[in-house]
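# Descriptive structure summary
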2 protein chains.
Amino acid sequence: MQYIAGGVCAPKGFKAAGVHCGIRRNRSKYDLALIVSDELASAAAVYTQNLVKGAPILVTQKHLENGYARAVIVNSGNANTCNANGIEIAEGMCALVREYTGIREEDVAVASTGVIGQPLSLQPISDGMQSLVDALSADGSVDAANAIMTTDTLLKQFAVEFEVDGVLCSIGGIAKGSGMIHPNMATMLAFLTTDCAISPEMLREALLEDVQDSFNMVSVDGDTSTNDMALILANGLAGNTPIEKKNADYAAFRAGLRAVTQMLARAIAKDGEGATKLIVSKVVGAKDKQTARTVAKSVICSNLFKAAMFGADANWGRVLCAIGYSGADVDVNKIDVSFSSEAGSIAVCSNGVGIPFSEEMASKVLAPSEIRVLIDLCDGGEEATAWGCDLTYDYVKINGDYRT
Amino acid sequence: MQYIAGGVCAPKGFKAAGVHCGIRRNRSKYDLALIVSDELASAAAVYTQNLVKGAPILVTQKHLENGYARAVIVNSGNANTCNANGIEIAEGMCALVREYTGIREEDVAVASTGVIGQPLSLQPISDGMQSLVDALSADGSVDAANAIMTTDTLLKQFAVEFEVDGVLCSIGGIAKGSGMIHPNMATMLAFLTTDCAISPEMLREALLEDVQDSFNMVSVDGDTSTNDMALILANGLAGNTPIEKKNADYAAFRAGLRAVTQMLARAIAKDGEGATKLIVSKVVGAKDKQTARTVAKSVICSNLFKAAMFGADANWGRVLCAIGYSGADVDVNKIDVSFSSEAGSIAVCSNGVGIPFSEEMASKVLAPSEIRVLIDLCDGGEEATAWGCDLTYDYVKINGDYRT
């Protein structure tokens with residue numbers, strides 16, 4: 001398996017585009033994206049667990065009921081959530097895709113991201129459709145990835161190729177993150193494509209399994225968005241024998257999917273609103289997988305720990321504190337904690353008790369832009385990783401006047 | 001019922017003191033407090049639900065098993081948590097109280113607050129005991145309240161007097177809060193005293209009921225501390241017929257207790273680390289009490305909402321979002337939201353959908369230092385209130401270098 005270029009257009013038979021249509025006032029920021037498969041594709045998605053759901057979520061759920069889709073249309077700058085006519089607008093976006101491409105509305109997924117509770121007009125989208133469709137190309141992944149960004153500062157796209165039953169397949173993905181990021185059984189917007197042949201049932205199963213250890217292990221601020229969606233289209237154009245059960249081919253597909261989603265998850269955390277540092281929380285020695293996940297995520301969600309990382313302060317008591325209130329059943333008297341980065345590594349806690357360390361060395365270890373905190377529960381063989389970021393002045397600044 | 005002066009010394013037969021003993025380097029900051037009842041008192045406490053528990057929590061739990069106590073010793077500047085000899089030190093503090101006052105160690109409660117994982121020496125406490133005991137007086141509540149503060153900027157003490165069965169009783173309390181504040185079934189440090197006669201069982205019951213709607217409805221940063229404790233001593237010196245069942249006297253006592261604890265809870269939220277604004281989240285129209293509590297607390301815990309309040313941005317979509325992921329079973333299409341303050345009031349959302357409002361007026365309403373967000377679930381008759389604060393640059397600053 002190896003990483004390749006091309007994002008969502010890396011797999012055979014996918015085109016993408018991004019344009020500025022006018023939802024945003026800033027003309028240099030794209031705000032409308034389209035991803036299209038040449039053929040009808042197996043389709044699966046996971047959605048936010050927030051009871052307040054964006055209208056596009058409800059429309060996409062309906063359109064994906066039969067397990068197939070061909071296109072995804074996405075706007076940024078407006079979440080189309082808590083609007084009286086939200087469903088009508090989301091359906092209108094799908095109808096525009098039919099009008100300009102001939103793809104049936106039922107085969108179109110739709111997503112929106114931006115401010116909640118501001119009416120979204122179809123007019124700019126309608127105005128931009130011709131140029132969007134004209135721009136569709138196998139080089140369009142970067143433009144699509146740009147168009148779905150909000151307060152993101154870094155473009156997020158990855159792709160891998162891998163073999164299934166001797167046939168070369170690929171998976172590509174784009175994502176946006178930044179704020180209101182604390183996915184629960186779904187994620188902020190992530191769109192994945194593959195040319196691997198796989199049944200809708202197996203595709204759904206693979207995605208559900210995957211998000212447990214990728215997008216659901218990311219948190220920027222603990223706020224689960226109303227519009228989270230991770231969606232995958234599999235058009236089968238690689239020509240492998242279709243995957244219809246959990247065999248070795250399924251495992252190969254899962255490994256490829258994981259390679260893309262974990263890179264996207266990392267990228268979302270690294271580009272958290274205001275973040276200066278990616279925090280990787282790795283838990284080992286857990287008695288079961290869920291304990292490992294719960295502990296890893298609780299640590300990267302702690303505001304206190306995140307602020308300490310911003311200040312390069314090796315305040316490991318906050319790690320212990322976050323483990324203790326995580327709800328996981330752990331023996332706090334067995335826990336070892338260490339910090340590491342490209343600048344070195346330093347052990348700070350053993351058997352739940354502090355061990356002397358050099359503050360000078362600790363500051364050096366915590367200075368770089370990627371910090372790892374390793375937590376050994378010394379209670380079994382399971383592990384998990386979560387990705388977060390530091391809490392900074394800029395997070396407060398960005399969110400003190402996001403709307404205005 | 002009316003508020004009176006005196007804090008924990010307002011009830012008959014209580015003395016308190018606070019001194020600087022040297023746990024902190026800053027000689028002008030008190031770091032050791034003592035509260036003593038003239039008589040053995042009914043005693044009850046609730047503690048952090050964090051699995052990592054400060055050593056003083058474990059010692060106090062043991063000493064309060066029989067339902068009685070006479071004294072509380074508290075230090076700030078060091079949490080005595082995650083230390084190998086923590087229990088020994090906490091027991092040593094109780095032994096020092098016995099040595100200097102004659103009160104049995106089993107009748108002494110002990111609490112600590114400050115940095116986790118730094119060894120606490122008995123030496124400064126031992127050195128300070130004589131002056132601490134010498135300072136004990138009926139005017140000592142302010143000094144004790146000062147001594148338990150960490151990053152707190154405001155002293156927190158309240159007292160009320162009320163009648164039980166025709167007899168005038170009083171309840172007083174002091175508390176500290178500021179950071180790592182997200183109590184779960186307990187709270188940051190709060191010490192309450194009363195001269196009301198009440199059995200240990202009824203006292204415990206009253207405290208357990210009370211914290212559900214007082215300390216457990218406060219959040220500063222979502223981090224449940226390892227050292228939370230709310231403790232009450234009832235020495236019976238008011239002379240009322242002892243309360244031994246849930247009768248009208250019990251109700252009168254509960255009302256008095258509530259009057260003190262809710263003021264302390266508000267004060268803790270208002271003085272949250274870095275806070276510039278107290279946020280009062282009131283939920284009405286809930287189908288049951290727990291739904292009201294869950295929704296109210298979810299809103300004041302949202303980093304995004306808290307940052308918006310710092311920026312006086314009426315971003316009500318973040319209120320809806322926080323309700324939606326709270327886990328409460330609500331009909332999101334029925335929710336009304338409005339903001340109010342001394343500057344006026346403004347409705348922003350009706351039936352889950354945005355309503356037009358003046359941004360200018362909204363900025364005015366959100367400018368003062370106390371903001372109320374009113375959420376009507378339109379689904380029943382229950383209500384709850386939670387207290388929080390805005391998320392500011394200073395929160396990040398304080399916690400980026402707390403330890404160093």
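From a predicted model like this one, the values you see are computed outputs, not experimental measurements.

What follows is about the sheet that holds strand E10 (residues 278–286) of chain B. Residue and element names in this part refer to chain B. Pairing is mixed in the open sheet, where six strands are placed in the order E13-E12-E11-E14-E10-E15. Among the strands making up the open sheet, the edge pair consists of strand E13 (353–354) and strand E15 (382–389). Strand contacts of helix H7 (residues 289–301): E10, strand E14 (370–376) and E15, with the helix running at about 20° to E15, the strand carrying the most contacts.

Residue and element names in this part refer to chain A. UniProt marks Thr150, Lys176, Thr187, Glu273, Asn399 and Thr404 with the feature "binding site: substrate" (unreviewed entry), using the numbering shown here. Tracing the chain through its elements places Lys176 in the loop between strand E7 (167–175) and strand E8 (190–194). Excluding residues that lie within four positions of it along the chain, Lys176 makes contacts with Thr113, Ile148, Met149, Thr150, Asp152, Lys156, Met188, Leu189 and Ile268. In this structure the side chain of Lys176 is engaged in a polar contact, spanning 2.9 Å, whose partner is the side chain of Thr150.

Laying chain B over chain A is done by rotating through 180° and shifting 0.0 Å along the axis; what remains is an RMSD of 0.0 Å. Taken together, the turn and the small shift mark the pair as related by a two-fold rotation axis. For chain B, the minimum C-alpha distance to the rotation axis belongs to Tyr393(B) and amounts to 2.5 Å. Of the interface residues in chain B, 100% have counterparts in chain A that sit at the interface too, so the contact is made through matching surfaces.

Attention shifts here to the packing of aromatic side chains. All names here are of chain A. The tally for this structure, following the rule as stated, stands at seven aromatic pairs over all chains. Summarising the aromatic geometry, the rings of Phe310 and Tyr393 are spaced 5.3 Å apart at their centres and angled 85° between planes, so their arrangement reads as edge-to-face. In this pair, Phe310 is assigned in helix H8 (residues 303–310) and Tyr393 in helix H11 (residues 393–400), connecting sequence segments 83 residues apart. For Phe310, a relative accessible area of 25% puts it in the partly exposed group.

As a further point, take the packing of helix H5 (residues 200–212) of chain A against helix H6 (residues 248–270) of chain A. Residues and elements named next belong to chain A. One can describe the packing of H5 onto H6 by two numbers: an axis separation of 10 Å at closest approach and a directional angle of 45°. It follows that H5 is oblique to H6 by the angle criterion. Seen along the crossing, H5 lies across H6 with a hand that is right-handed. Of H6, the residues touching H5 (which contributes Met202, Leu203, Glu205, Ala206, Leu207, Glu209 and Asp210) are Tyr250, Phe253, Arg254, Leu257, Arg258 and Thr261.

A few words now on unusual backbone geometry. One non-glycine residue, Asn351(A), lies in the positive phi region at around 55°. Considering the arrangement of structural elements, one finds Asn351(A) in the loop between strand E12 (344–350) and strand E13 (353–354). Assessed through its relative accessible area of 46%, Asn351(A) is described here as partly exposed. Of note, the phi angle at Cys82(B) is positive, near 60°, even though the residue is not glycine.

Of the residues lining the interface, 54 residues belong to chain B; the matching set on chain A comes to 54 residues. Taken together, both faces of the contact between chain B and chain A bury some 4200 Å²; the carbon and sulfur share is 60%. Our count for the chain B to chain A interface comes out at zero salt bridges. One can count ten residue pairs in polar contact (both at pLDDT 80 or more) joining chain B with chain A. Secondary structure elements with two or more residues in the side of chain B that touches chain A: helix H8 (303–310), helix H9 (317–324), E13 and helix H11 (393–400) of chain B. With six residues, the single largest contributor to the side of chain B that touches chain A is H11(B). Of the residues in the side of chain B that touches chain A, the class split is 25 nonpolar, 20 polar and nine charged.

Residues and elements named next belong to chain A. The first and last C-alpha atoms of H5 sit 19 Å apart over 13 residues, in line with the 18 Å expected at 1.5 Å per residue. Buried within H5 are the following residues: Pro200, Met202, Leu203, Ala206, Leu207, Asp210 and Val211. Seen end-on, H5 carries its buried residues on one side only, within an arc spanning 160°. Buried positions along H5 lie against strand E3 (32–47), strand E4 (68–76), E8, strand E9 (229–234) and H6.

All names here are of chain A. Judged by how many residues are buried, E4 sits mostly within the fold: seven of nine residues are covered. Where E3 meets E4, seven bridges bridge the pair, whose relative direction is antiparallel. For Leu32, the partnering residue across the bridge sits in E4 and is Asn75. Relative to strand E5 (residues 108–113), E4 runs parallel, the two being bridged by six bridges.

Further remarks concern the nonpolar core. Residue and element names in this part refer to chain A. Of all hydrophobic cores here, the largest spans 79 residues; its most connected members are Phe253, Val319, Ile335, Phe339, Val373 and Ile375. Sort the elements by how many residues they give to this core and H6 lands first, with nine residues. Excluding residues within four positions of it along the chain, Ile335 makes contact with Leu320, Ile323, Val330, Cys349, Ser350, Asn351, Gly352, Ile375, Asp376 and Leu377.

What follows deals with the pattern of salt bridges. Residues and elements named next belong to chain A. For the structure on display, the rule yields 36 salt bridges over all chains. When the shortest N-O distance is used, the salt bridge between Lys334 and Asp379 registers 3.3 Å. Residue Lys334 is located in the loop between helix H9 (317–324) and strand E11 (336–341), and its partner Asp379 is located in the loop between strand E14 (370–376) and strand E15 (382–389); the two are separated by 45 residues in the primary sequence. Residue classification places Lys334 among the partly exposed positions, given a relative accessible area of 31%.

Okay, the environment of Asn80(B) next. Residues and elements named next belong to chain B. Following the sequence through the fold, Asn80 ends up in the loop between strand E4 (68–76) and helix H2 (86–101). The sequence separation of Asn80 and Ile323 amounts to 243 residues, and the corresponding C-alpha distance is 37 Å. Those residues in contact with Asn80 that lie beyond four places of it in its chain are Gly54, Ala55, Pro56, Gly86, Ile89, Ala90, Ser112, Val115 and Leu120.

Procedures and definitions
Residues numbered from 1 in each chain as written. Chains lettered and ligands numbered in written order. Predicted model: local features only at pLDDT ≥ 70, side-chain atom pairs only at ≥ 80, totals over all residues. Heavy atoms only, no water. Pairing = 2+ DSSP bridges. Helix = DSSP H or I, 4+ residues; strand = E, 2+ residues; numbered from the N terminus. Contact = heavy atoms within 4.5 Å. Axes fitted to C-alpha atoms, helices over the stretch in contact; angles between N-to-C directions. UniProt positions renumbered as here; feature names shortened; annotations may be inferred. Polar contact = N/O pair within 3.5 Å; in protein donor to acceptor, adjacent residues only side chain to side chain. Least-squares fit on C-alpha atoms with pLDDT ≥ 70 in both. Phe/Tyr/Trp six-rings, centres within 6.5 Å; stacked < 30°, edge-to-face > 60°. Buried < 20%, exposed > 50% of the residue type's maximum accessible area, 1.4 Å probe, protein only. Parallel < 35°, antiparallel > 145°, perpendicular 65-115°, else oblique. Left-handed = near helix turned anticlockwise from the far one by under 90°. Buried area = accessible area lost by both parts, 1.4 Å probe. Salt bridge = Lys/Arg side-chain N within 4 Å of Asp/Glu carboxyl O. Nonpolar A, V, L, I, M, F, W, Y, C, P; charged D, E, K, R; others polar. Expected span 1.5 Å × (residues − 1). Arc of directions from axis to C-beta. Core = buried A, V, L, I, M, F, W, Y, C linked by side-chain atoms within 4.5 Å.

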